[in-house]
Amino acid sequence: MSGDTDHLQPQKFHALDVPRIGGVSILMGMLGGLSYHSQLDTPDFEDLVQLTGCATIAFAAGLMEDLTKRVTPRMRMLATLLAASAALWLVDGIIQRSGIPALDRLLQHDILPVGPLAMAVTLFVVAGVSNSVNIIDGFNGLASFCVTLILGALAWVAYRLGDALVLQGALLGLGAVLGFFVWNYPRGLIFMGDGGAYLLGFWIAELSILLVHRNPSVSPIFPLLVCAYPIVETLFSMYRRKVVRGRRMGAADAVHLHSLIYRRLMRWAVGRHDSASLLRRNSMTSPYLWALSALSITPGLLFWDNSAVLTGLIVAFCWTYIALYRSIVRFHTPHLLLRKTTPSALRTEAVHHSAG
């Protein structure tokens, strides 16, 4: 029932049917962590339970798509907006600082304590980040390890500030996604699916909002930089589809950065269609994007309270992403990034895969 069987879709890069309900295991891991916290009598436990309940709404819509393939992107987006609205009401997950002076002035002069503009910005951000994790979920371990890096960064800053709610929430997600990661990478025995992607994207977005809202010393640019890779990938994909190609923004394609790396940097695998080569080629694609994600996260940890520096780092990351994308598209990829494997190594890999 849950197998991903549509191998011929442009964004699919696996050879065998794989269950795509890994999001169920991630949610169960988080619930297991919550049951442990219930025995500790921590002051933020109720907020953590309510936030998990909100995340379940986004997860449910994605899971229904995984099982039925009939839930439209619009319906999933509406479910995410509903989850964000519930979190805004229950745990005060609201954006009132953006780091953009003009927008901040508008947010501060909103008529109500939780004004319509702040609510609209919050819902837009949560929906966008939730979808961005789904966008980068293209290869074994890619999205799950990027999420691990992001949650680790949020946990570190929350720990330094003594924010127990964000710290505990980040550790819950971190433990659950690492438990999933060992089954997803490198062999792709299970996929997180839309359910897992929307669950983790929502979790990252809400923890980021809460970290900034509850701690005035944290720059609102910090979570933007930490999530720069999935956000930039999503925005660039929307631009590429609508402006460059004249297609719908939600139309699936195989021209994401991770798709290009898979097709053009793994030179040794060009023309090979056996399952061992496809598996190796798939799993060797993700580390390139982990490194790209770390390129924004690592300096963000050093300057989490400095908006000016963080803004410059975001500009630098966007330039790096576009330059890398253009070079790969035009077949000008630096030789350092090209991965080549000898025929003997390929035969050895095929033997190990068959034995497994």
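Look above for the structure.
The rules we used
- Residues numbered from 1 in each chain as written.
- Predicted model: local features only at pLDDT ≥ 70, side-chain atom pairs only at ≥ 80, totals over all residues.
- Heavy atoms only, no water.
- Salt bridge = Lys/Arg side-chain N within 4 Å of Asp/Glu carboxyl O.
- Helix = DSSP H or I, 4+ residues; strand = E, 2+ residues; numbered from the N terminus.
- Buried < 20%, exposed > 50% of the residue type's maximum accessible area, 1.4 Å probe, protein only.
- Expected span 1.5 Å × (residues − 1).
- Contact = heavy atoms within 4.5 Å.
- Axes fitted to C-alpha atoms, helices over the stretch in contact; angles between N-to-C directions.
- Parallel < 35°, antiparallel > 145°, perpendicular 65-115°, else oblique.
- Left-handed = near helix turned anticlockwise from the far one by under 90°.
- Core = buried A, V, L, I, M, F, W, Y, C linked by side-chain atoms within 4.5 Å.

### Description of the pattern of salt bridges
So, step 1. Per the stated rule, a full pass over the model turns up four salt bridges.
So, step 2. Here Asp-66 makes a salt bridge to Arg-20, at a shortest N to O gap of 2.8 Å. Of the two residues, Asp-66 sits in helix α2 (residues 45-68) while Arg-20 sits in the loop between β2 (18-19) and α1 (22-38), which places them 46 residues apart along the sequence. In this structure, Asp-66 and Arg-20 share a single accessibility class: buried.
So, step 3. Of the charged contacts in the structure, one is a salt bridge between Asp-194 and Arg-76, with a shortest N-O distance of 2.6 Å. Pair noted here: Asp-194 is in helix α8 (residues 193-214) and Arg-76 is in helix α3 (residues 73-91), with a separation of 118 residues, a long-range link.
So, step 4. A cluster of three or more residues bridged by salt bridges with shared partners is formed by Arg-20, Asp-66, Arg-76 and Asp-194.

### Things to note about the environment of Ala-252
So, step 1. Summarising the element assignment, Ala-252 is placed in the loop between α10 (228-244) and α11 (257-264).
So, step 2. For the pair Ala-252 and Arg-241, spaced eleven residues apart in sequence, the C-alpha separation works out to 9.2 Å.

### Details of helix α6 (residues 142-161)
Count 3.6 residues to each turn of an α-helix, and residues three or four apart come out pointing the same way.
So, step 1. Counted at 1.5 Å a residue, the expected span for α6 with its 20 residues is 28 Å, and the 29 Å between its end C-alpha atoms agrees.
So, step 2. Positive backbone phi, at 75°, marks Gly-162, one or two positions downstream of α6.

### Some details on the environment of Met-64
So, step 1. Looking at the secondary structure, you find Met-64 in helix α2.
So, step 2. Judged by its relative accessible area of 44%, Met-64 is partly exposed.
So, step 3. Taking the C-alpha atoms as reference points, Met-64 and Arg-76, separated by twelve residues in sequence, lie 9.4 Å from one another.
So, step 4. Ignoring anything within four residues of it in the chain, the contact list for Met-64 reads Lys-69 and Val-71.

### Here's the deal with the side chain of His-37
So, step 1. By secondary structure assignment, the location of His-37 is in helix α1.
So, step 2. The residues contacting His-37, other than those within four sequence positions of it, are Thr-42, Phe-45, Leu-48, Gln-168 and Leu-172.

### Quick word on unusual backbone geometry
So, step 1. The linkage connecting Tyr-185 with the following residue, Pro-186, adopts the cis geometry, with an omega of 5°.
So, step 2. Within the fold, Pro-186 resides in the loop between α7 (164-184) and α8.
So, step 3. In this structure, Lys-69 takes a positive phi of about 60° despite not being glycine.
So, step 4. Along the chain, Lys-69 falls in the loop between α2 and α3.
So, step 5. For Lys-69, a relative accessible area of 36% puts it in the partly exposed group.
So, step 6. Within the chain, Asp-92 stands out as a residue other than glycine whose phi angle is a positive 60°.
So, step 7. Here Asp-92 shows up in the loop between α3 and α4 (101-108).

### Some points on the packing of α6 against helix α13 (residues 286-302)
So, step 1. Relative to each other, α6 and α13 sit at 15°, their axes nearing to 9 Å. By the angle between their directions, the pair α6 and α13 is classed as roughly parallel. You can see that α6 and α13 cross each other, and the crossing is right-handed. Each of Leu-142, Phe-145, Cys-146, Leu-149, Ile-150, Ala-153, Trp-156 and Val-157 in α6 lies in contact with α13, whose residues at this interface are Ser-286, Leu-289, Trp-290, Ser-293, Ala-294, Ile-297 and Leu-301.

### Some details on the nonpolar core
So, step 1. By size, the foremost hydrophobic cluster in this structure holds 93 residues, and its most contacted members are Phe-202, Phe-222 and Leu-257.
So, step 2. No other element matches α8, which puts 13 residues into this core.
So, step 3. Setting aside its immediate chain neighbours within four residues, Phe-222 contacts Ala-153, Leu-154, Val-157, Leu-211, Gly-300, Leu-301, Trp-304 and Leu-310.

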